[in-house]
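Read off the chains here:
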Amino acid sequence: MTTQTSTPATAGKPGFQLPKWAGSFGFQIIAALIVGLGLGLLAKYTGSTKANPNALGATLQTIGSSYVSLLQTAVVPLIFTAVVSSISNLRAVSNAARLAWNTLLWFAITSLIAVLIGIGLGVLLQPGAGTGITKQAEYAGKSGDWWAFLVGLFPKNFLGLGASTTVTDGVATTAVSFNVLQILVIAIAVGIAALKVGKAAEPFLNLNASALAVIQKVLWWIIRIAPLGTVGLIGNAVAVYGWDTIGSLGKFTFAIYVGLALVLFVVYPVLVRSHGLSIKQYFSGVWPAVQLAFVSRSSVGTLPLTQRVTERSLGVPRAYASFAVPLGATTKMDGCAAIYPAVSAIFVAQFFGIQLDFTQYLLIALVSVLGSAATAGTTGAVVMLTLTLSTLGLPLAGVGLLLAIDPILDMGRTAVNVAGQALVPTIVAKRQGILDESLYNAPRNGDPFSDDVADADGVDASNVDADGGVPAAAGRELAGAKA
C-alpha cells in the first residue's frame, strides 16, 4: 500500500505574504505621511512654490485636492440620509429628547474645558508678545457674524446650495458650495415630518435607508484610498508652506499645539476614565479617524470614518451614533472653535498692545461655547476667529498675521475635533446605559474596514463578533436607556 503525503507549502498558497501589520489602515496612513513628507521636501527644494509649482508639486496638489473633493462630494448625501435614518430609528425611543439634550450638554462641557485651557495658555505663554513682526497684515476674507449665523439656519433651497462668482482678468468663475448646517436642519425637519406622517412615510424611509447603504459603500471605497490622498495632502502642505513658515510665530504655534495636546491626551482620557472606560481602548478605537482628520483637515470629510469607529469600535448604538456624530461634525469643534480662537484672540490683543479685562475673557469663553455652530459650512477656524475678534472689538487685521501658518495648525485642530466628536457620544451612551462595552473592550486589529463584508449567508459581518455571535449593540433597542 502506497501512502501519499502532501506538504502545506504547495497547497495553493502564495510564496510571499505581507505581514499582518502591513495591511493595517493605521500603518498605511503613517507610511503615507512619511512618503508625503519626503516628496513634499523634494518638491520644495527643487523650486516648487504655491504660485509656480513644478511637476512634482503640481502632482501632489492635484492628488490631495482631488481626494478632499471626493470626500466632500459624498458627505452631503450622507448627512441627509444618515440623519433622516437615525431619527426614524428613534421611533420607539421614549427618551430620544434626553439623549439629544445630554449630547448638546457634553458638547458644551468639553468645549468650555478646552477654551479655559486656551485662555490659560494665552495668559501664561504670552504668544503675542515680542514676535518681532512689524507688518500688520490685512484680512479681507469672510467674517463670522452672529446675525448671519441665525439667518443662515434657514435654507434658501432644499439642498442648502449656494453659489459664488468671482471675476479674475475678465474671466468669471462660479463655485458651488453646500451649507452643512442647513443640510442638517433640512434633514432633521424631514425626519421628524416622516415620524409624524406615520405609516404613509414607510416607503420613503425604506428608500432613504437603501440610499444610505449605497452612499456608505461608496464612501468606504473613497476612504480606503486615504493613504494615497495622504501622500498628496501632506506633500502639498510641506511643498507650499514648509515647516519653516512657522518662523517668528513659533511661540503662538507652540501654544496652540500644547493646548491641543492637553485636550487630546489629558482631558479626554480623564473623561474616559471617570466613566469607567479603558483609555487604551478609546484611543485604539478612535485613532484611524484621528489620523484621517489630521491629513485631510476636514471634520466633515472624516465624518464617515468617525461614525464607523464610533459605532463599531467604541460600541455606540448605530441609531444614536448616526445622529450624534453628524451633529458633532458640524458643531463640536474643541480644536477650531475653542483652543484656537481663545489663544488667537489673546495673541491679537497682545500683538496690538490691547489689555483684556475679566469681562472680555468671559466673552471669549461664551463665544467659543456657543459660537462653534456659526462656523459650520464655512471656512471653519478662520471664521470662528473673526467672530471672536468682532465680539471683543479687536482688530481683524490680526487674522492676516496668522493665515500663513493656518494649514499647519489646522491639522492638529481637526484631529482634536474628530476625537471629541467620537468621545461625546461614547460618554453619553455610557451614562445612559446603552453602550456596548463588550464591543468597546474587544481587541482591535488596526483595520476599520475588516468587518465591511457580508458572509456567504448574507449576514452583515459588522454585526458578527470574533466568535461568530451577534453583539448586544446589533440588536439592542435604545428604549432600554436609563430615564
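Below you will find a few notes about this structure. Model, not experiment: these values are computed from the prediction.

Bringing the overall build of the protein chain into the picture now. When you go through the protein chain residue by residue, the secondary structure sums to 18 helices and two strands. Relative to its full complement of 483 residues, the protein chain shows a buried share of 50%. The long-range fraction of contacts in the protein chain, counting pairs at least 24 apart against all pairs at least 6 apart in sequence, stands at 81%. Of the roughly 22100 Å² that the protein chain leaves accessible, carbon and sulfur atoms contribute 64%.

For the rest of this paragraph, the subject is the side chain of Ser85. The residue Ser85 is located in helix α2 (residues 55–89) in this model. You can call Ser85 buried: its relative accessible area is 11%.

Next up on the list: the packing of aromatic side chains. Enumeration according to the criterion identifies seven aromatic pairs in this entry. Each ring, one from Phe252 and one from Tyr340, has its centre 6.4 Å from the other, and the planes form 70 degrees; the classification is edge-to-face. Here Phe252 is found in helix α8 (residues 250–274), whereas its partner Tyr340 is found in helix α12 (residues 335–351), with 88 residues between them in sequence. Exposure class is identical for Phe252 and Tyr340. Each is buried.

In this section: the pattern of salt bridges. Where charged atoms from two side chains of opposite charge approach closely, those side chains can pair. Following the criterion strictly, the structure yields six salt bridges and no others. Of the charged contacts in the structure, one is a salt bridge between Arg318 and Glu311, with a shortest N-O distance of 3.2 Å. In this structure Arg318 comes out as partly exposed when scored by relative accessible area, which is 40%. The salt bridge involving Glu437 is made with Lys430; its shortest N-O contact spans 2.6 Å. We classify Glu437 as partly exposed; its relative accessible area is 32%. Linked through salt bridges whose partners overlap, the residues forming this network are Arg297, Asp406, Asp410 and Arg413.

Its 26 residues place the ends of helix α16 (residues 406–431) 37 Å apart at the C-alpha level, agreeing with the 38 Å of an ideal helix rising 1.5 Å per residue. Where burial is concerned, most of α16 is hidden: 24 out of the 26 residues are buried. Immediately beyond the C-terminal end of α16, within one or two residues, lies Gly433, with a positive phi of roughly 75 degrees.

Tracing the backbone through its elements, the reader meets Val83 in helix α2. The exposure class assigned to Val83 is buried, which follows from its relative accessible area of 0%. For the pair Val83 and Ala187, spaced 104 residues apart in the sequence, the C-alpha separation amounts to 6.0 Å. When near neighbours in sequence (up to four residues on either side) are disregarded, Val83 contacts Leu184, Ala187, Ile188, Ser322 and Pro326.

Given a rise of 1.5 Å per residue, 18 residues ought to cover 26 Å, and the 25 Å separating the end C-alpha atoms of helix α9 (residues 279–296) matches this to within 8%. Along α9, the sharpest change in direction is near 50 degrees and occurs at Trp287; proline Pro288 comes one to four residues later. Along α9, 13 of the 18 residues are buried, which leaves the element largely enclosed by surrounding structure. Of the residues that open α9, the one with a side-chain oxygen 3.4 Å from the backbone nitrogen of Lys280 is Ser278. The positive-phi residue at the C-terminal boundary of α9 is Arg297, with phi of around 60 degrees.

Residues Phe252, Tyr268, Tyr282 and Ile364 are the most contacted members of the largest nonpolar core, which totals 117 residues. Core analysis: the next-biggest nonpolar cluster, separate from the first, contains five residues, Ala32, Leu60, Val231 and Ala239 among them.

What follows covers the packing of helix α3 (residues 96–125) against α16. The contact between α3 and α16 brings their axes to 9 Å, and the two run at 130 degrees. If you check the angle between α3 and α16, you find them oblique. The two elements α3 and α16 cross, and the hand of that crossing is right-handed. Across the interface between the two elements, Leu99, Asn102, Thr103, Trp106, Phe107 and Thr110 from α3 touch Val424, Ile427, Val428 and Arg431 from α16. Looking at the contact of α3 with α16, its residues break down into six nonpolar, three polar and one charged.

What follows concerns a nonpolar patch on the surface. A cluster of nonpolar residues, Leu262, Phe265, Val266, Val270 and Trp287, forms a patch on the protein surface that exposes about 430 Å² of accessible area. Per-element accounting of the nonpolar patch gives the leading share, four residues, to α8. If you trace the backbone, Val270 turns up in helix α8.

The rules behind each value
- Counting restarts for each chain, with residues numbered from 1 along the sequence as it is written.
- This being a predicted model, a pLDDT of at least 70 is required before a residue's local features are given, and a value of 80 or more before pairs of side-chain atoms are given or counted; all residues contribute to the totals for chains, interfaces and linings.
- Working from all heavy atoms in the structure, the side-chain values ignore hydrogens and water.
- Put simply, DSSP H or I for four residues or longer makes a helix, DSSP E for two residues or longer makes a strand, and each gets a number counted from the N terminus.
- For the exposure calls, accessible area comes from a 1.4 Å probe over protein chains only, and a residue counts as buried if that area is under 20% of its type's maximum, exposed if over 50%, partly exposed in between.
- Only heavy atoms matter for contacts: two residues are in contact if any of them lie within 4.5 Å across the pair.
- Accessible areas in this description were obtained via Shrake-Rupley with a 1.4 Å probe; residue shielding takes into account the shown protein chains only.
- Two aromatic rings, drawn from Phe, Tyr or Trp (for Trp, its six-membered ring), form a pair once their centres lie within 6.5 Å of each other, and the interplanar angle then sorts them: stacked below 30 degrees, edge-to-face above 60, tilted otherwise.
- Should a side-chain nitrogen of Lys or Arg be within 4 Å of a carboxyl oxygen of Asp or Glu, the pair is scored as a salt bridge.
- Expected helix span is computed as 1.5 Å times (number of residues minus one).
- In this scheme, the bend at a residue equals the angle between the axes fitted to the seven residues that finish there and the seven that begin there.
- For this analysis, a polar contact is any N or O atom pair within 3.5 Å, provided that within protein one partner can donate a hydrogen and the other can accept it, and provided that sequence-adjacent residues contribute only side-chain to side-chain pairs.
- Working definition of a nonpolar core: buried Ala, Val, Leu, Ile, Met, Phe, Trp, Tyr and Cys residues. They are joined through side-chain atoms within 4.5 Å.
- For helices, the fitted line uses only the C-alpha atoms of the stretch in contact; every axis is such a line through C-alpha atoms, and the angle between N-to-C directions lies from 0 to 180 degrees.
- Note on angle classes: values under 35 degrees are labelled roughly parallel, values over 145 roughly antiparallel, values of 65 to 115 roughly perpendicular, and the remainder oblique.
- By the definition used in this description, the sense in which the near helix is turned from the far one sets the handedness, with an anticlockwise turn below a right angle giving left-handed and a clockwise turn giving right-handed.
- Each residue is assigned to one class: nonpolar for Ala, Val, Leu, Ile, Met, Phe, Trp, Tyr, Cys and Pro, charged for Asp, Glu, Lys and Arg, and polar for all the others, Gly among them.
- Only residues whose relative accessible area exceeds 30% and that form no salt bridge are eligible for patches; like-charged ones are grouped when within 9 Å, while nonpolar side chains (Val, Leu, Ile, Met, Phe, Trp, Tyr) are grouped when within 5 Å.

Coordinates in, geometry out; function isn't part of it.
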